[in-house]
Amino acid sequence: MSFIKEFKDFISKGSVIDLAVAVIIGGAFGQIVTSAVNDILMPVIGIVLGGIDFTSFKITLKAAVMGANGAIDKPAVTMNIGNFIQVTVNFLIISLFIFIALKGLMKLKKKEAEAPAAPPAPSEEVKLLSEIRDLLKQNNR
């Protein structure tokens, strides 16, 4: 019974739930970035570099073997360099966005830390001495 209780306590902690939400949002964000890179950025880069389509960029290590009937018996063995370039660009863009977001958060935390703390309230002795001082000033007039 104690194992189940410990597991229940672990799951109900806020940090575990926050982590689960972050993983789900991160997955969705990854899909958005992948689409932005594949559908927007890479075609533009391909045009700038002379019409290269990176997704079809491959190095053939072994050609496909054709059968007597014209069908492919053994497919070609290729290194899909284009996919590697796509994934690398996706990684760099996601890293850039995370860096910018964390830098912004750290800037906000730094501003909060730099804000001066309110001076502590005077002690009872200091209040009493201030009242005595004020009364003495009034009596001297």
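Residues numbered from 1 in each chain as written. Predicted model: local features only at pLDDT ≥ 70, side-chain atom pairs only at ≥ 80, totals over all residues. Heavy atoms only, no water.

(A) How the structure looks around the overall build of the chain. Along the chain, the regular secondary structure elements total four helices and four strands. Relative to the compact-globule value of 14 Å for 141 residues, the chain shows a C-alpha radius of gyration of 33 Å, a clear excess of over 25%. With the principal axes as the frame, the chain shows a C-alpha extent of 120 × 60 × 20 Å. Classification of the 141 residues of the chain by burial places 8% in the buried group. Across the chain, contacts joining residues at least 24 apart in sequence account for 40% of those joining residues at least 6 apart. Here the chain has roughly 12,100 Å² of accessible surface; of this, 69% comes from carbon and sulfur atoms. (Helix = DSSP H or I, 4+ residues; strand = E, 2+ residues; numbered from the N terminus. Rg over C-alpha atoms; globule rule 2.2 N^0.38 Å. Buried < 20%, exposed > 50% of the residue type's maximum accessible area, 1.4 Å probe, protein only. Contact = heavy atoms within 4.5 Å. Areas by Shrake-Rupley, 256 points an atom, 1.4 Å probe, with all protein chains shown as cover.)

(B) Looking closely at the pattern of salt bridges. Following the criterion strictly, the structure yields two salt bridges and no others. Note that K127 and E124 form a salt bridge whose closest N and O atoms lie 3.9 Å from each other. Taken together, the positions of K127 and E124, both in helix α4 (residues 124-139) and three residues apart, correspond to about one turn of that helix. A relative accessible area of 39% places K127 in the partly exposed class. Exposure remark for E124: the relative accessible area of 59% places this residue in the exposed category. For the salt bridge of R133 with D134, the shortest nitrogen-to-oxygen distance reads 3.3 Å. R133 sits in the partly exposed class, given a relative accessible area of 45%. The partly exposed category is assigned to D134, whose relative accessible area is 36%. (Salt bridge = Lys/Arg side-chain N within 4 Å of Asp/Glu carboxyl O.)

(C) The arrangement of the nonpolar core in detail. One finds V33, V37, M42, F54 and V89 forming the largest nonpolar core, which totals five residues. Here this core takes three residues from helix α2 (residues 14-48), the largest share from any one element. Each residue touching V89, except ones within four places of it in the same chain, is listed here: V37, L41 and M42. (Core = buried A, V, L, I, M, F, W, Y, C linked by side-chain atoms within 4.5 Å.)

(D) View of helix α3 (residues 81-114). End to end, α3 covers 49 Å across 34 residues, agreeing with the expected 50 Å (1.5 Å per residue, within 8%). When we look at burial in α3, the residues that qualify are G82, Q86, V89 and N90. (Expected span 1.5 Å × (residues − 1).)

(E) Representation of a nonpolar patch on the surface. Side chains of V44, V48, L49 and I52 sit close together on the surface and give an oily, nonpolar patch of about 370 Å² of accessible area. The residue V44 is located in helix α2 in this model. (Patch = residues over 30% accessible without salt bridge, like charges linked within 9 Å, V, L, I, M, F, W, Y side chains within 5 Å.)

(F) Region of the structure containing the environment of G30. Looking at the element boundaries, G30 is found in helix α2. Along the backbone, G30 and I94 are 64 residues apart, and their C-alpha atoms lie at a distance of 7.4 Å.

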